[in-house]
Amino acid sequence: MEPLDLELEEGELELPAEPMHLNMGPSHPAMHGTVRIVLELSGETIVKADVQIGYLHRGFEKMCERGTWAQVFPYADRLNYVSPMLNNVGYALAVEKLCGIVVPDRCQWYRMALGELARISDHLTCTGAMAMELGAFTPFLWFLKAREMIWDIMEEETGARLTHSFGRIGGVAKPPSDGFKDLCRGALPRILDLVEEGEKMLLKNRIFIDRLENVGIISGADALALSWTGPCLRASGVAYDIRKSHPYLKYDEVDFDVPVGGRGDNMDRFLVRLAEIRQSRRIVEQSLDRMADSGPVNVDDPRVMLPEKSEVYTTIEGTIQHFKLIMEGAKVPAGEVYSYTEGGNGELGFYLVSDGSGTPYRVRIRPPCFPITAGLSKLISGRMLSDIVPTFGSLNMIGGECDH
Amino acid sequence: MPTFKYDGVEIPFEAGETIIQAAARQGIEIPHYCWHPGLSAPANCRMCLVEIMPAANQRAVTLDILEWDAALGDYKPAKKPKLQPACQMAAADGMDVRGDTSHHVKDARKQVQEFLLLNHPVDCPICDQSGECKLQDYWLEHGQYHKRMRDEPIHKPKAVEFGPTIVYDAERCVMCTRCIRFMDEVAQDPVLDMRERGNLNEIMVAPGRQLDGHYTFMTEHVCPVGALTTKDFRFKARVWFLRTADTVCQGCATGCSAHLDYDPRVNRAYRYRPRENAEVNKYWMCDEGMLTYRAAHEGRIIEPRIGSKVASEKKALAAAAAALEGAAAEHLAVVFSAQHSLEDNWALRELGVTLLGAKNLYVSGLPDGYEDKILIHRDKNPNTRGVAEIAADARPFADLLRDVGSGKITHVMALGGATPGVPEADAEVLRRAQVVTVAAHEGGLSLSARVVLPACSWAEASGTYVNFKRIRQVTEKALEPQGASAPGWEQLAHLGRAMGLDASWTRVKQIRAQLQAAAPAVTSARGAALPTTEVAQ
């Protein structure tokens, strides 16, 4: 055993301590997706945190560059897999921008309604999971119960609960079902009731509040410098929402507010998400009111739209159109485009390059999680070990999106 | 050079050229079905119609038509310019031709497309042309309409056997008459014609005849749609799974430029398509040549052999070295192969002549056969001229048989399996000597060989071939080497090293550099033929 150094200044006895290295993840229940944080601890205080992504790597962008333009949709679903509809719509809008296509109004409202439902499900998952990781299991179940209702609607509309692959270049896979509006109008109040109940359970809980308040603080300027977007940025007081700043679809025609936080701590991020759920509800309701019950959903453009199956099986023109679109892919005009939408976590951007063929020449994704995760070590350095879980939870990092 | 304008682009042309020819030379494709650069222009498909603006001092020729007015809900009289077929219209200096920029032309293309598809069957899923069909391409580029005719389409004969090689489907036919013109103008055998008119129009074979001869496959290849299919390729592969390598036909000394279509998933060649080469084969190939793609898989040697037993590569090399051990230079024969590439033959010369000092050089290959005045050459080997370049003093194969018979030759180091005679009979004589051969295909030499080392065929390794006109062409690698085969020059290097010799070549680049230095002719990089200044014999 090493001799104790007794010649300390002021005669104070201090135990010799080396910084302790701790691997958190990549397989840790609180490390959503597969992230590894290499921590350097002094006692329980984090001296240094090295956040490492890349344990979930599918070569997402390269996969997209192998198939046709339409075959990217299933991949886009798997970016942020708790709000796949937002990714689908984001990618569809990018390709449509390149093709110069504007989808009919009915489809725009439909995409908005589905997208905002997806946003609610995204925020419910994030806030619910964060509460659960802090030991609050009941609100998690409450929130998931609400999310189930959304997924039931999604299943009714798209046939799939999670990865819908519902977007199409120039529209969506199917027109809204007959009962879509009633389903939404019936489910939304119940979802909000559940959110309210879950919220009550949490916001009166001392432990929960203590672990969130004044933890993981980031200023608006710092968040911007890290190119944060979405609820995490707004929690720091910057009212930047693409739906308001650069409206797409019909967002400029609906009435909704952009909730912002003040301190930029975990609590603000939690509250901003809950407030956004309420705003999303307003958008869904307005979209439902304004969406026509009949009329075309998809553009009538044989360059990109698949023909009706009845046409495919009975006419040579339909067969050829189907064959060309499936085998060679829709020919997207040569050029490049950057198109961005408000995803569940912020700015979801697609930078696409076309060489005029049926296959994307380059697909580059700007996932909102990537810069946000890059800020994690700044948020937790100097904090206690136990602060990692609520802070990481409040950022809502999604592994699929961070695939770079 | 005079020029005309097509959609505002200046296009130079030579006197007598048509608009479509001059545009094609500039890389601008005016849509067409019936026009083929190697055939006459009947202008019957009407797909290449263009609008030619009247000269300043001329009045426009217009036609009175009735045009549908959706707002009015009725037809109203209108005027339309008289469009001209670009395939027949001779270009004139200063002509202003409109294609994509004229809505009349666009309408015409769409309507022609609609007309051609009026009675077309819903066959894409079972049609061999699907994926390389002009009807499909042009529908997307120029059609994009939905079917208006709701009547039952006219049904015509399907799967009509035209002869031993070709099957005809009248419903898919667009009556471009390319096949008729090909048989008439190129094959010089006017055996095809058309009968009936309008909806009932169809191609027929002359009564009492069938579509046979040496150029039937070409009728399928000039067919812009799936009306003519070859029995050989029918239902064998889907074209979108095939990849293409530029290659050279191995059927005879003409060395036609060809595309070799293969499926990389199963490492199999499926067909040849002629590759345009004005110096060699223009746009055409013969039936026998088209079928030589099969040689990539048939009659192949893909495993090393000692005697008749398959052996490991290591053992085979050791056995080969042992077989040639102690062969005196005056009793050693080096047998070049007119079936193998220049690179393989070069390596054999390095090994046999430079390193072993052999003096007795021979050349083997397949025997002569049918020839005609169109494409087919009497010599059935693709590289006879190449061997003559490599080994000018190589003697014919008959001399080898005589020398082995007389005991003058006791050891044979050979390339290739093929011999001009009956394989078994040639092998019988050759067995008196110790034969080692590096071969891609079975033949008299491989049958008699003490050791056979497997070489890549032309489909599996890039190689240079010199045709009878001394035009050099380089083939691209298509398939992955099958079994234990390796390029012939590489196998020869292995053999040299197994014999303890300094066989230093390891890359095809080195060999090409040597060949380049030795021969004045330029070896083209991507297989396009570059003729030498020498004139054919």
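Small disclaimer: the values here were computed from a predicted structure and weren't measured. (Residues numbered from 1 in each chain as written. Chains lettered and ligands numbered in written order. Predicted model: local features only at pLDDT ≥ 70, side-chain atom pairs only at ≥ 80, totals over all residues.)

Caption draft 1: Focus on the overall build of chain A. Tallying secondary structure elements over chain A gives 16 helices and eight strands in all. Here the C-alpha radius of gyration of chain A, 24 Å, is about what a compact globule of 404 residues would show, namely 22 Å. Residues classed as buried in chain A amount to 50% of the 404 residues present. Taking the intrachain contacts of chain A between residues at least 6 apart in sequence as the baseline, contacts between residues at least 24 apart amount to 70%. (Helix = DSSP H or I, 4+ residues; strand = E, 2+ residues; numbered from the N terminus. Rg over C-alpha atoms; globule rule 2.2 N^0.38 Å. Buried ≥ 20, exposed ≤ 12 C-beta atoms within 10 Å, placed from the backbone. Contact = placed C-beta atoms within 7 Å.)

Caption draft 2: Just the overall build of chain B, in detail. Scanning chain B for helices and strands turns up 14 helices and 24 strands. Taking the principal axes of the C-alpha coordinates as reference, chain B spans close to 100 × 50 × 40 Å. Within the span of chain B, comprising 537 residues, buried residues form 49% of the whole.

Caption draft 3: Expanded view of the packing of helix H4 (residues 105–133) of chain A against helix H5 (residues 137–158) of chain A. Residue and element names in this part refer to chain A. Here H4 crosses H5 at 160°, and the two axes come no closer than 8 Å. Our classification of the angle between H4 and H5 gives roughly antiparallel. Every pair of crossing elements has a handedness; the one defined by H4 and H5 is left-handed. Counting all contacts with H4, which are made through Leu 114, Leu 117, Ile 120, Ser 121, Leu 124, Thr 125, Thr 127, Gly 128, Ala 129, Ala 131 and Met 132, the residues of H5 involved are Phe 137, Pro 139, Phe 140, Phe 143, Leu 144, Ala 146, Arg 147, Ile 150, Trp 151, Ile 153 and Glu 157. Split by residue class, the contact of H4 with H5 holds 16 nonpolar, four polar and two charged. (Axes fitted to C-alpha atoms, helices over the stretch in contact; angles between N-to-C directions. Parallel < 35°, antiparallel > 145°, perpendicular 65-115°, else oblique. Left-handed = near helix turned anticlockwise from the far one by under 90°. Nonpolar A, V, L, I, M, F, W, Y, C, P; charged D, E, K, R; others polar.)

Caption draft 4: Region of interest: the interface of chain A and chain B. With 11 residues of chain A in contact, the opposing surface of chain B contributes 16 residues. Of all the secondary structure elements, the ones that give two or more residues to the side of chain A that touches chain B are helix H12 (309–314) and helix H13 (316–328) of chain A. Sort the elements by how many residues they give to the side of chain A that touches chain B and H13 of chain A lands first, with seven residues. Grouping the amino acids of the side of chain A that touches chain B by side-chain chemistry returns five nonpolar, three polar and three charged.

Caption draft 5: Expanded view of the domain arrangement of chain B. Residues and elements named next belong to chain B. We note that the domain assignment places domain 1 (3–116), domain 2 (160–296) and domain 3 (305–518) within chain B. The gap between the C-alpha centroids of domain 1 and domain 2 is 30 Å. Opposite the 11 residues of domain 1 that make contact, domain 2 presents 13 residues. Its residues assigned to classes, the side of domain 1 that touches domain 2 shows seven nonpolar, four polar and no charged. (Domains from an automatic or database assignment.)

Caption draft 6: Local environment of the packing of helix H8 (residues 342–355) of chain B against helix H13 (residues 488–498) of chain B. Residues and elements named next belong to chain B. Running from N to C, H8 and H13 point in directions that differ by 20°, and their axes come no closer than 7 Å. Relative to H13, the element H8 is oriented roughly parallel. Touching Glu 343, Asp 344, Trp 346, Ala 347, Leu 348, Leu 351 and Leu 355 of H8 are Gly 488, Trp 489, Leu 492, Ala 493, Leu 495 and Gly 496, all from H13. Taken together, the residues that form the contact of H8 with H13 break down as nine nonpolar, two polar and two charged.

Caption draft 7: View of the confidence of the model for chain B. All names here are of chain B. In the predicted model, chain B carries a mean pLDDT of 91, and the fraction of residues at 70 or more is 96%. Low pLDDT, under 50, characterises residues 522–537; the predicted model gives this stretch 32 contacts beyond four residues in sequence or across chains. The ipTM for the predicted assembly is 0.86, set against a pTM of 0.86. (pLDDT = per-residue confidence, 0-100.)

Caption draft 8: View of unusual backbone geometry. Residue and element names in this part refer to chain B. Residue Arg 46 is not a glycine yet carries a positive backbone phi of 65°. For Arg 46, the location among the structural elements is in the loop between helix H1 (19–25) and strand E3 (49–52). Even without being a glycine, Ala 159 presents a positive backbone phi close to 50°. Position of Ala 159 among the secondary structure elements: in the loop between helix H3 (134–143) and strand E8 (160–161). Judged by C-beta crowding, with 10 C-beta atoms within 10 Å, Ala 159 ranks as exposed.

Caption draft 9: Examining H8 of chain B more closely. Residue and element names in this part refer to chain B. Look at H8: 18 Å from first C-alpha to last across 14 residues, which is about the 20 Å you get at 1.5 Å a residue. Burial analysis of H8 places 11 of its 14 residues in the buried class, the great majority of the element. Of the surrounding secondary structure, the elements contacted by the buried residues of H8 are strand E18 (332–337), helix H9 (384–390), strand E20 (411–415), strand E23 (464–466), H13 and helix H14 (508–518). Directly after H8, the chain includes Gly 357, whose backbone phi takes a positive value near 75°. (Expected span 1.5 Å × (residues − 1).)

Caption draft 10: Expanded view of the sheet that holds strand E6 (residues 335–342) of chain A. Residues and elements named next belong to chain A. Read from one edge to the other, the open sheet built from three strands follows the order E6-E7-E8, with strand pairing classed as antiparallel. Strands with a single pairing partner mark the edges of an open sheet, and in this sheet they are E6 and strand E8 (362–366). The average angle at which neighbouring strand axes cross in this sheet is 15°, direction not considered. Examined bridge by bridge, strand E7 (residues 347–354) and E8 share five bridges and lie antiparallel to one another. Residue pairing for E8: Val 353 is matched across the bridge by Arg 362. Of the strands in this sheet, E6 and E7 touch helix H3 (residues 84–99), which is tilted by about 150° from E6. (Pairing = 2+ DSSP bridges.)

Caption draft 11: Examining the environment of Tyr 351 of chain A more closely. Tracing the backbone shows Tyr 351 of chain A in strand E7. Given 16 C-beta atoms within a 10 Å radius, Tyr 351 of chain A is considered partly exposed.

Caption draft 12: Up close: the pairing of strand E22 (residues 451–454) of chain B. Residue and element names in this part refer to chain B. Taking every second residue as pointing to the same face, both faces of E22 are buried, with Val 451 and Leu 453 on one and Val 452 and Pro 454 on the other. Relative to E22, strand E16 (residues 305–306) runs antiparallel, the two sharing two bridges. Bridged to Arg 305 within E22 is Val 452.

Caption draft 13: Quick peek at the nonpolar core. In terms of nonpolar packing, the biggest core is built from 158 residues, with Val 50, Met 285, Ala 320, Val 335 and Phe 336 of chain B touching the most fellow members. A total of six residues in this core trace back to one element, the largest contributor, which is helix H7 (residues 313–324) of chain B. Membership of the second largest hydrophobic core comes to 110 residues, among which are Trp 69, Leu 79, Val 89 and Ile 169 of chain A. (Core = buried A, V, L, I, M, F, W, Y, C linked by C-beta atoms within 7 Å.)

Caption draft 14: A look at H5 of chain A. All names here are of chain A. With 22 residues, H5 extends 30 Å between its outermost C-alpha atoms, agreeing within 8% with the 32 Å of an ideal straight helix rising 1.5 Å per residue. Listing the buried residues of H5 in full gives Pro 139, Phe 140, Trp 142, Phe 143, Ala 146, Arg 147, Met 149, Ile 150, Ile 153, Met 154, Glu 157 and Thr 158. Along its buried surface, H5 packs onto H4 and helix H6 (180–203). Downstream of H5 by one or two residues, Gly 159 has phi in the positive range, about 90°.

Caption draft 15: Region of the structure containing the sheet that holds E8 of chain B. Spatially, E8-E9-E12 (chain B) is the arrangement adopted by the three strands of the open sheet, whose pairing is antiparallel. Strand pairing shows two members of the sheet lacking a second neighbour, E8 and strand E12 (228–230) of chain B, which therefore form its edges.

Caption draft 16: Up close: the environment of Thr 127 of chain A. Residues and elements named next belong to chain A. Checked against the element boundaries, Thr 127 lands in helix H4. On the neighbour-count criterion, Thr 127 (27 C-beta atoms within 10 Å) is buried. For the pair Thr 127 and Ala 146, spaced 19 residues apart in the sequence, the C-alpha separation amounts to 12 Å.

Caption draft 17: Structural detail: the environment of Val 225 of chain B. All names here are of chain B. Considering the arrangement of structural elements, one finds Val 225 in the loop between helix H5 (217–222) and E12. Counting along the chain gives 44 residues from Val 225 to Arg 181, while the straight-line C-alpha distance between them is 16 Å. If near-sequence neighbours (up to four positions away) are discounted, Val 225 is found in contact with Gln 129, Cys 133, Lys 134, Leu 135, Arg 172, Cys 173 and Val 174.

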